[in-house]
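# Secondary and tertiary structure notes
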Amino acid sequence: MRRMILIGASCATGLLGGCVNVTAPDKPIEINLNINITQQVVYKLDGQAKALIDENPGIF
């Protein structure tokens with residue numbers, strides 16, 4: 001009896017197991033990257049700091 005159950009189970013899994021098809025697309029895959037990178041550096045200097053830098057140009 002146990003042997004028949006195993007045979008029946010193996011047949012059932014064979015019938016229920018599907019087939020997977022993988023096909024390539026007709027057109028090539030297109031990845032469109034429109035990226036615009038903008039960098040803006042804003043600095044403000046205090047009047048005393050600016051005067052100190054002007055007096056000592058080799059400080060930096």
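A brief look at the structure comes next. Small disclaimer: the values here were computed from a predicted structure and weren't measured.

### What to know about the overall build of the protein
A count of helices and strands for the protein gives two helices and zero strands. The proportion of buried residues among the 60 residues of the protein is 0%. For the protein, the exposed surface amounts to about 6,800 Å²; the carbon and sulfur share of it is 59%.

### A word on a nonpolar patch on the surface
On the surface, Ile29, Ile31, Leu33, Ile35 and Ile37 cluster together into a nonpolar patch covering about 680 Å² of accessible area. Relative to the assigned elements, Ile29 resides in the loop between helix 1 (2-16) and helix 2 (47-55).

Parameters and conventions
- Residues numbered from 1 in each chain as written.
- Predicted model: local features only at pLDDT ≥ 70, side-chain atom pairs only at ≥ 80, totals over all residues.
- Heavy atoms only, no water.
- Helix = DSSP H or I, 4+ residues; strand = E, 2+ residues; numbered from the N terminus.
- Buried < 20%, exposed > 50% of the residue type's maximum accessible area, 1.4 Å probe, protein only.
- Areas by Shrake-Rupley, 256 points an atom, 1.4 Å probe, with all protein chains shown as cover.
- Patch = residues over 30% accessible without salt bridge, like charges linked within 9 Å, V, L, I, M, F, W, Y side chains within 5 Å.
- Salt bridge = Lys/Arg side-chain N within 4 Å of Asp/Glu carboxyl O.

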